[in-house]
Amino acid sequence: MQSEAPLTMDPADHTASLTADVLSPMYEGLTQFDSHLNIVPWLATSWKVDASGKQWTFMLRRDVYFHDGIPFNAEAVVHSFRRLMDPARGLAGRSRIQGIIGSVQAQGDHTVVFTLMNPYAPFLRVLAVTPIVSPAADNNGILSRYAVGTGPYRFVEWRTGEYVLEQRNDAYWGKRPVVKQLKWMWTTEPVLMEMSVLARQADIVNPLPPIFAEALSHNRKVQLIEGKSTAVFWVALNLQMKPLDDKRVRQALNYGVDREGLVRTQLRGFGTPANSPLAPSDFGYNPANRGYTYDPAYAKQLLAQAGYPNGFSLKIVVQEADEPLAEALQGMWARIGVRLEIDRMEHGVFSQTIFASPEAKRAQGIGGVLASWAANNADPDYQLSPLYRTSAWSPAGANVGFYSNPRLDALLREAAGELDLEKRKALYYQAQRIITEDAPHVLLYATRDVAAEHVGTVPEAVHLLPGSQIVLDGQ
């Protein structure tokens with residue numbers, strides 16, 4: 001059981017992690033994550049990259065078939081990527097590859113050549129989150145309601161508002177799962193998720209709210225499944241508005257947050273205070289990054305230096321689920337003289353509002369946005385570039401506070417193209433220091449993914465990939 005319904009059966013037309021949960025047993029990519037977030041071959045058995053770092057050649061697995069009986073081959077891979085790259089199709093997942101892939105071509109039945117616009121180190125991770133679809137199903141226009149991939153489970157039925165049913169694919173090319181059938185259900189009521197796993201009405205619930213995770217951790221009938229998350233929660237400050245254009249003010253807001261208290265009260269300990277814009281699961285994360293301690297007295301001193309000895313008023317927008325976190329910040333910032341106004345919005349309105357232009361946000365007096373971001377491919381470029389590069393100012397990207405630092409832009413471009421892992425890591429260490437110093441976000445905490453299963457009901461080991469994606473070892 002999940003906390004929200006799937007948006008579509010087309011893996012290329014969404015960016016929602018819980019929709020990916022439902023679809024992942026039915027679809028596969030050229031590469032895959034193992035349980036340690038390392039990349040392993042999947043529908044591609046091997047690959048090579050040329051000296052320029054731009055041309056990647058993939059050798060494909062043979063004797064693989066889509067669920068509709070169509071053979072998996074190079075043309076199917078080309079079709080999947082070209083439909084995603086086509087701006088006229090307007091598929092939501094296009095953002096994963098936009099600006100990365102220049103062209104994709106088949107060389108015979110079992111070889112595919114990608115030409116990138118520029119060298120891009122996380123390319124193999126991009127492929128892991130880009131499933132291959134049946135060309136016939138796409139041409140027939142059925143993918144939005146009927147999933148057709150190569151995975152260990154086949155689509156059976158999607159009853160809107162009730163469930164999605166999947167059956168084991170007995171013609172699967174790889175290790176066949178023990179579980180014969182998967183039935184995905186959902187509810188927006190967290191208490192129903194807890195009751196469902198206790199009453200065996202659901203074998204697994206995901207994501208499990210921290211308040212129930214704490215309670216169920218003491219229940220011998222339930223086993224918690226924990227994973228490393230890439231999600232970092234923050235308040236993006238609007239640098240186009242006063243007094244937030246002053247770095248001292250932004251730093252004061254950071255010093256005014258008790259992050260350990262937030263992890264304790266909001267997450268019941270299932271998380272980590274944020275000392276970096278990267279989560280601890282990112283390979284480029286620097287555990288020694290300075291971060292901000294809780295120091296209200298110094299926060300007041302910084303505000304006085306910036307010309308605000310009596311504080312100021314700040315309006316932020318939040319979605320309904322995050323209102324308790326905003327109220328906790330409201331109390332903390334009141335101690336340094338900052339009067340926080342919380343504008344709560346339902347999810348649809350919130351999504352439109354946060355990606356508004358600088359002019360629109362200024363007109364509405366929006367000084368900040370409380371939200372989170374998770375790199376679904378566990379790579380620092382996916383976590384940093386969309387949020388902090390100048391070219392990503394909303395509405396074009398997710399830099400919703402309009403931060404700009406040319407030095408950081410150059411660092412992120414260099415890191416994205418650097419194929420040497422240790423050199424990349426050193427560049428991201430520099431990037432974290434710059435972002436911490438400039439304080440365009442008030443960084444709060446990194447969440448820890450938690451799901452729960454009723455003991456003895458699932459005969460296979462379960463683990464979580466980034467974004468709370470459930471994976472059965474039998475897949």
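Residues numbered from 1 in each chain as written. Predicted model: local features only at pLDDT ≥ 70, side-chain atom pairs only at ≥ 80, totals over all residues. Heavy atoms only, no water.

Caption draft 1: The arrangement of the packing of helix H7 (residues 247–255) against helix H9 (residues 296–305) in detail. In contact at an axis separation of 8 Å, H7 and H9 are set at 165° when each is read in the N-to-C sense. Considering the angle they form, H7 stands roughly antiparallel to H9. Our pair here, H7 against H9, has a crossing hand that is left-handed. Of H9, the residues touching H7 (which contributes Arg248, Val249, Gln251, Ala252 and Tyr255) are Pro296, Tyr298, Ala299, Leu302, Leu303 and Gln305. Of the residues assigned to the contact of H7 with H9, the class counts are 8 nonpolar, 2 polar and 1 charged. (Axes fitted to C-alpha atoms, helices over the stretch in contact; angles between N-to-C directions. Helix = DSSP H or I, 4+ residues; strand = E, 2+ residues; numbered from the N terminus. Parallel < 35°, antiparallel > 145°, perpendicular 65-115°, else oblique. Left-handed = near helix turned anticlockwise from the far one by under 90°. Contact = heavy atoms within 4.5 Å. Nonpolar A, V, L, I, M, F, W, Y, C, P; charged D, E, K, R; others polar.)

Caption draft 2: Local environment of a nonpolar patch on the surface. Among the surface-exposed residues, Val191, Leu192 and Met195 lie close enough to one another that they form a single nonpolar patch of about 250 Å² accessible area. Looking at where Met195 falls in the secondary structure, it is placed in helix H5 (residues 190–198). When its relative accessible area of 47% is taken as the criterion, Met195 is described as partly exposed. (Patch = residues over 30% accessible without salt bridge, like charges linked within 9 Å, V, L, I, M, F, W, Y side chains within 5 Å. Areas by Shrake-Rupley, 256 points an atom, 1.4 Å probe, with all protein chains shown as cover. Salt bridge = Lys/Arg side-chain N within 4 Å of Asp/Glu carboxyl O. Buried < 20%, exposed > 50% of the residue type's maximum accessible area, 1.4 Å probe, protein only.)

Caption draft 3: Main features of the sheet that holds strand S13 (residues 271–273). As summarised here, the arrangement of the 6 strands in space is S13-S17-S12-S16-S14-S15, forming an open sheet in which the pairing is mixed. Each edge of the sheet is formed by a strand with only one pairing partner; in this case those strands are S13 and strand S15 (338–345). This sheet shows a mean twist of 25° between the axes of neighbouring strands, independent of strand direction. Across the sheet, helix H8 (residues 259–266) touches S13 and strand S17 (441–447), and the angle it forms with S17 is around 40°. Against the sheet, helix H13 (residues 380–388) makes contact with strand S12 (232–237), strand S16 (368–373) and S17, and its axis sits at roughly 160° relative to S16, the strand it touches most. (Pairing = 2+ DSSP bridges.)

Caption draft 4: Structural detail: the nonpolar core. Ranked by internal contacts, the top residues of the largest apolar core, which has 67 residues, are Val235, Leu253, Leu262, Leu314, Trp333 and Leu444. Other than its neighbours up to four places away in sequence, Leu253 contacts Leu237, Leu244, Phe312, Leu314, Trp333, Val338 and Val442. Counting 51 residues, the second largest nonpolar core, distinct from the first, contains Val22, Leu127, Trp158 and Trp186. (Core = buried A, V, L, I, M, F, W, Y, C linked by side-chain atoms within 4.5 Å.)

Caption draft 5: Structural context of the sheet that holds strand S11 (residues 222–227). With antiparallel pairing, the 3 strands of this open sheet are ordered in space as S10-S18-S11. In the strand order of this sheet, the two ends are held by strand S10 (204–205) and S11, each with one partner. In terms of strand pairing, S10 meets strand S18 (residues 449–454) through 2 bridges, oriented antiparallel. Paired with Ile204 across the bridge in S18 is Glu453. Sheet contacts for H5: S10, S11 and S18; angle to S18, the most-contacted strand, approximately 35°.

Caption draft 6: How the structure looks around unusual backbone geometry. In this structure, Pro243 follows Lys242 across a cis peptide bond, with omega equal to 0°. With respect to the helices and strands, Pro243 occurs in the loop between S12 and H7. Residue Pro395 follows Ser394 across a cis peptide bond; omega there is 10°. If you trace the backbone, Pro395 turns up in the loop between H13 and helix H14 (406–417). Positive phi, normally seen in glycine, also occurs at Asp63, with a value near 60°. One can find Asp63 in the loop between strand S4 (55–60) and helix H2 (74–85). The phi dihedral of Arg268 is positive, around 55°, even though this residue is not glycine. Looking at the secondary structure, you find Arg268 in the loop between H8 and S13.

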